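# Notes for the structure review
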Amino acid sequence: YDIPMPEEFEDKKIREMLIAVGENEEGKEIFEWGMKVFYFDRRKCLQLVNFSSKFTIFLIDVKKKELSDSINLLAFYLKEIYADNPKILKYIKKYFEEASIVVFSKLKNQSIIATLNNTQRSFALDGERFYNYIKNGVLKSVELNKEVNSDWIFREKINNKQNYFYPKDKFAEKLIEYYKH
């Protein structure tokens, strides 16, 4: 996608603002997302994964000019997935008010890179699973994204102990934890 990094912007004010936003959010895992490009049916797709919860969103057939709209698509899927939970929807609204600017940087977190690779391979079956979500010629992406977050078990190691969880539950817990202060 040839995404410019904050330090590559020529306009000094924009460059400084993006660098400041990136520095402010670095380490706040609830606001950090890993992204990976992959292909499904010769279409460029994105997988997004949240650092704090492994909440995962698949965006299908994303054109270069639509990349800037990825935050709106993320918000759309979050609202759809939590449609039955008014408390979490309230937190999601606050979340996007607080994180209204997207800053891209090189992904260095090895755990998130492994999660992206593993989810693409084991859940998405390198895109082959997506054919199961095509009904009457339309890919049911809401169903797909609900399933990966509600029915697919993820794991993490904490203090040498394996913990298993559903990303939908974990992201909700992280939002509640973040906004209870």
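### Digging into the packing of aromatic side chains
On inspection of all chains with the given rule, the structure shows 19 aromatic pairs. On the basis of an interplanar angle of 85° and a centroid distance of 5.3 Å, the ring pair of Phe31 and Tyr178 is categorised as edge-to-face. One end of the pair, Phe31, is in the loop between α1 (12-25) and β1 (33-40); the other, Tyr178, is in helix α6 (residues 167-179), and 147 residues separate them in sequence. A residue is classified by how much of its surface remains accessible, and Phe31, at 8% relative accessible area, is buried. A ring pair is formed by Tyr95 and Phe171, whose centres lie 5.9 Å apart and whose planes are at 80°; its orientation type is edge-to-face. Highlighted residues: Tyr95 in helix α3 (residues 86-98) and Phe171 in helix α6, separated in sequence by 76 residues. Here the two residues Tyr95 and Phe171 agree in accessibility, since each one is buried. Ring-pair connections join several aromatic residues into one group, and the members of that group are Phe31, Trp33, Phe55, Tyr82, Tyr91, Tyr95, Phe96, Phe171, Tyr178 and Tyr179. For Arg129, the ring lying beneath its charged end belongs to Phe123, and the centroid distance is 4.3 Å. Sitting over the face of the ring of Phe165, Lys170 holds its NZ or CZ atom 4.5 Å from the ring centroid.

### Let's talk about a nonpolar patch on the surface
Side chains of Ile153, Tyr164 and Tyr166 sit close together on the surface and give an oily, nonpolar patch of about 330 Å² of accessible area. With respect to the helices and strands, Tyr164 occurs in strand β7 (residues 161-165). Residue Tyr164 is classed as exposed on the basis of its relative accessible area, which comes to 57%.

### Side note on the nonpolar core
Ranked by internal contacts, the top residues of the largest apolar core, which has 25 residues, are Ile57, Leu78, Tyr82, Tyr95, Phe171 and Leu175. For this core, the secondary structure elements donating two or more residues are β2 (43-50), β3 (56-59), α2 (70-81), α3 and α6. For Ile57, the residues in contact, after removing those within four places along its chain, are Leu46, Gln47, Leu48, Leu74, Tyr77, Ile81, Asn145 and Asn149. Counting 12 residues, the second largest nonpolar core, distinct from the first, contains Phe123, Ala124, Phe130 and Leu144.

### Some words on the environment of Ile71
Its place among the elements puts Ile71 in helix α2. Other than its neighbours up to four places away in sequence, Ile71 contacts Phe96, Ala99 and Val102.

### So, the pattern of salt bridges
Within the structure shown, the criterion is met by 7 salt bridges. For Lys93, the salt bridge goes to Glu97, with nearest N and O atoms at 2.7 Å. Separated by 4 residues within a single helix, Lys93 and Glu97 lie in helix α3, roughly one turn from each other. The exposure class assigned to Lys93 is exposed, which follows from its relative accessible area of 53%.

### What about α2?
With 12 residues, α2 should reach 16 Å at 1.5 Å per residue; the first-to-last C-alpha distance of 16 Å fits that figure. Here α2 has its buried residues at Ser70, Leu74, Ala75, Tyr77, Leu78 and Ile81. Burial along α2 is one-sided: seen end-on, the buried residues are contained in an arc of 165°.

### Focus: unusual backbone geometry
Phi is positive for Asn136, close to 50°, though the residue is something other than glycine. Within the element layout of this structure, Asn136 appears in the loop between β4 (134-135) and β5 (138-139). Its identity is not glycine, yet Asn160 carries a phi of approximately 60°, on the positive side. Along the chain, Asn160 falls in the loop between β6 (154-158) and β7.

Procedures and definitions
- Note on numbering: residues in each chain are counted from 1, in written sequence order.
- Side-chain atom pairs in this predicted model are given and counted only at pLDDT of 80 or more, local residue features only at pLDDT of at least 70, and totals for whole chains, interfaces and linings cover all residues.
- Side-chain measures here rest on the full set of heavy atoms in the structure, leaving out hydrogens and waters.
- Classification of ring pairs rests on two measures: the distance between centres of Phe, Tyr or Trp rings, Trp counted by its six-membered ring, which must be within 6.5 Å, and the angle between planes, read as stacked under 30 degrees, edge-to-face over 60 and tilted in between.
- The secondary structure listing takes helices from DSSP runs of H or I that are at least 4 residues long and strands from runs of E that are at least 2 residues long, numbered from the N terminus.
- Relative accessible area decides the class of each residue, using a 1.4 Å probe on protein chains only: under 20% of the type maximum gives buried, over 50% gives exposed, and in between gives partly exposed.
- Charges are assigned to positions over rings by a cutoff of 6 Å between ring centre and Lys NZ or Arg CZ, combined with an angular limit of 35 degrees from the ring normal.
- Residues enter a patch when their relative accessible area is above 30% and they make no salt bridge; the linking distance is 9 Å between like charges and 5 Å between nonpolar side chains (Val, Leu, Ile, Met, Phe, Trp, Tyr).
- Residue-level accessible areas treat just the shown protein chains as cover; the underlying method is Shrake-Rupley with a 1.4 Å probe.
- Basic side-chain nitrogens of Lys or Arg form a salt bridge, by our definition, when they fall within 4 Å of a carboxyl oxygen of Asp or Glu.
- In plain words, nonpolar cores are sets of buried Ala, Val, Leu, Ile, Met, Phe, Trp, Tyr and Cys residues tied together by side-chain atoms within 4.5 Å.
- Note on definitions: a residue-residue contact is assigned when non-hydrogen atoms from the two residues lie within 4.5 Å.
- An expected span of 1.5 Å times one less than the residue number is assigned to each helix.
- In this context, the arc is that of the directions from the helix axis out to the C-beta atoms.

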